[in-house]
Amino acid sequence: MCLGVPARVIKINGDIATVDYGGIMKDVDAFLVPNLKVGDYVIVHAGAIIAKINEKEAMEMMKAWSSIMEELKGEI
Amino acid sequence: MKFISSYRDPKLAKRLHELIDQLVSRLERQGVSRIKIMNFCGTHEHTITYYGIRSLVPSSLDLIAGPGCPVCIVPAGYIDTAIKLAMEGVTIYTYGDMYRVPGSYESLAQARAKGANVKVVYGFMDAVRLARNEKKEAVFFGVGFETTQPTLASWMVRDAIPENLKLLLALRLTPPVMRYVLRKSRVDLDGVIAPGHVSTITGAKAWVFLSKEFNVPTVIAGFEPLDVLIAIAEILRQKLHGYSRLYNEYGRVVTWDGNLRAQEITDKVFEVTDGYWRGIGLIPSSSLRLRDKYASLDAIDVYGLKIEKGIDTRSGCKCNKVILGEAKPTDCPFFMKACTPAHPLGPCMVSSEGTCHIWAKYGGRLLLEKFELE
């Protein structure tokens with residue numbers, strides 16, 4: 001029920017957006033997230049966009065943990 | 001979406017696995033013989049079970065599924081009421097997960113087989129569109145946690161609900177039940193993996209009380225296997241160094257304040273009230289109801305309904321204990337015997353986020369046999 005599926009916005013028409021789930025297109029409610037742009041990666045839950053995905057942040061978390069693992073190697 | 005594949009990278013997973021092993025050995029050397037981490041969310045349980053994470057981590061580390069299945073905790077009386085309406089000719093729209101959960105005697109799916117008018121929808125938007133087109137008397141049976149609530153409120157604040165559509169709602173809030181688990185349950189937790197998609201709405205700040213008030217290391221995590229491995233490693237790291245804090249591993253989606261627009265819209269439509277949780281009981285300030293301004297949409301008022309106390313738990317079914325992390329699915333005498341995904345006895349075996357359903361589907365024979373031997 002709290003399942004959120006990543007998708008890409010391909011069209012915006014007022015409060016409704018068309019998103020692409022890797023090949024499957026669907027109209028979803030876009031009212032909950034302001035300032036959406038075509039090309040944004042988003043999380044869709046129960047037919048509504050609930051959040052944007054920050055790709056830069058995603059890559060940084062991986063980098064951060066790669067260095068944390070290096071640090072801990074010395075510690076443990 | 002390159003970032004998603006990097007969260008499934010086997011090389012990084014192996015390194016995290018080694019790190020978790022080392023952290024656990026270090027804690028064992030400090031005299032810690034058992035470590036218990038609860039994942040709140042059914043989707044985290046899915047990741048843990050599907051990717052075999054439970055069998056990967058050392059045996060002294062217990063990964064316990066928590067109460068994060070919003071259809072499992074809907075009182076049977078609500079399902080009975082929805083069935084009654086559907087048998088009287090009202091069209092009931094509901095989510096696929098809710099459709100098969102048994103009420104006191106049967107599920108909406110079983111009622112449909114007897115002629116009740118029930119339709120499964122993906123979201124509230126579909127119910128609004130269908131009701132508008134079909135122009136028949138209809139009720140949307142809506143359940144869900146913070147993630148789902150704004151997807152309903154979204155249409156109400158826009159006055160977009162057709163006259164023929166009313167709502168029967170069993171919405172529940174997650175921080176109160178987590179407090180309940182920590183205060184009342186017999187499980188002593190060393191860490192909590194907090195729900196990622198609930199937090200997109202509430203913000204990370206909603207979970208800070210776990211580390212501040214209960215001194216429990218808390219990680220808000222995403223749903224890829226590496227997200228969960230990082231969450232486990234971070235909790236172990238905090239435990240090893242003797243501190244507790246809230247760590248937001250899912251920063252690619254979750255911010256500190258959350259989705260402010262969704263919060264504002266939800267608050268306009270709903271107010272907080274006490275809520276009854278199936279198999280658990282009454283939890284103060286754990287539910288939402290429509291504000292007076294929206295009373296004309298409330299099926300309970302419009303149809304003069306009274307939600308009766310139904311039969312929440314069948315004798316012997318351990319779903320209520322599984323929800324609180326006090327029992328494993330394999331502790332239940334019905335699991336995979338009388339109760340299977342095809343013939344579920346309790347709600348935990350129905351929903352794709354129900355722990356019993358996930359274990360039944362992905363638990364794996366060897367893992368189950370191992371648990372049965374314990």
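Residues numbered from 1 in each chain as written. Chains lettered and ligands numbered in written order. Predicted model: local features only at pLDDT ≥ 70, side-chain atom pairs only at ≥ 80, totals over all residues. Heavy atoms only, no water.

Let us look at the pattern of salt bridges. Residues and elements named next belong to chain B. Evaluated as defined, the whole model comprises 23 salt bridges over all chains. A salt bridge links Arg 278 to Asp 312; its shortest N-O distance comes to 3.9 Å. Of this pair, Arg 278 sits in the loop between strand 10 (270–277) and strand 11 (281–290) while Asp 312 sits in the loop between helix 15 (299–302) and helix 16 (319–323), placing them 34 residues apart in sequence. Judged on exposure class, the residue Arg 278 and its partner Asp 312 are both buried. Overlapping salt bridges bring together Asp 267, Glu 271, Arg 289 and Arg 291 as one network. (Salt bridge = Lys/Arg side-chain N within 4 Å of Asp/Glu carboxyl O. Helix = DSSP H or I, 4+ residues; strand = E, 2+ residues; numbered from the N terminus. Buried < 20%, exposed > 50% of the residue type's maximum accessible area, 1.4 Å probe, protein only.)

Burial of nonpolar side chains together is a common tendency in soluble globular proteins. Residues and elements named next belong to chain B. Judged by nonpolar contacts, the single largest core of 112 residues is most densely connected at Phe 124, Phe 140, Phe 141, Met 156 and Met 178. Residue contributions to this core reach at least three from each of two domains, namely domain 1 (2–69 + 176–253 + 365–373) and domain 2 (76–174 + 258–302). Setting aside residues up to four positions removed in sequence, Met 178 forms contacts with Met 38, Phe 40, Leu 189, Val 192, Trp 207, Phe 209 and Leu 210. (Core = buried A, V, L, I, M, F, W, Y, C linked by side-chain atoms within 4.5 Å. Domains from an automatic or database assignment. Contact = heavy atoms within 4.5 Å.)

For the rest of this paragraph, the subject is the interface of chain B and chain A. Reports of interface size often rely on the accessible area that becomes lost once the parts have come together. On the chain A side, the residues contacting the 57 residues of chain B number 43 residues. Summed over both partners, the interface of chain B with chain A comes to about 4300 Å²; 68% of that surface belongs to carbon and sulfur atoms. Across the chain B-chain A interface, the total number found is three salt bridges. A salt bridge links B:Arg158 to A:Asp15; the shortest N-O distance between them is 3.3 Å. Counting across the interface, chain B meets chain A through 13 residue pairs in polar contact (both at pLDDT 80 or more). Element by element, the count of residues in the side of chain B that touches chain A is highest for helix 2 (residues 10–29) of chain B, at seven residues. (Buried area = accessible area lost by both parts, 1.4 Å probe. Polar contact = N/O pair within 3.5 Å; in protein donor to acceptor, adjacent residues only side chain to side chain.)

Turning our attention to the domain arrangement of chain B. Residue and element names in this part refer to chain B. Each assigned domain of chain B is listed here: domain 1 (2–69 + 176–253 + 365–373) and domain 2 (76–174 + 258–302). One C-alpha centre belongs to domain 1, the other to domain 2, and the line joining them spans 31 Å. One can count zero salt bridges joining domain 1 with domain 2. Inspection of the region where domain 1 meets domain 2 yields six residue pairs in polar contact (both at pLDDT 80 or more). Contributing elements (two or more residues each) for the side of domain 1 that touches domain 2: strand 2 (61–68), helix 10 (174–184) and helix 11 (196–202). With six residues, helix 11 is the single largest residue contributor to the side of domain 1 that touches domain 2. Split into classes, the residues belonging to the side of domain 1 that touches domain 2 amount to 10 nonpolar, six polar and one charged. (Nonpolar A, V, L, I, M, F, W, Y, C, P; charged D, E, K, R; others polar.)

Here we take up the packing of aromatic side chains. Enumeration over the complete set of coordinates arrives at 11 aromatic pairs over all chains. Measuring from centroid to centroid gives 5.4 Å for B:Tyr95 and B:Phe140, while their planes differ by 85°, and the two rings are edge-to-face. With B:Tyr95 in strand 3 (residues 91–95) and B:Phe140 in strand 5 (residues 138–144), this pair connects stretches of sequence that are 45 residues apart. Here the two residues B:Tyr95 and B:Phe140 agree in accessibility, since each one is buried. Members of the aromatic cluster, connected to one another through ring pairs, are B:Phe40, B:Phe145, B:Trp207, B:Phe209, B:Phe214 and B:Trp277. Above the ring of A:Phe31, the side-chain terminus of B:Arg158 is found at 4.1 Å from the ring centroid. The cationic tip of B:Arg158 hangs over the ring face of B:Trp155; the distance from NZ or CZ to the ring centre is 4.3 Å. (Phe/Tyr/Trp six-rings, centres within 6.5 Å; stacked < 30°, edge-to-face > 60°. Lys NZ or Arg CZ within 6 Å of the ring centre and 35° of its normal.)

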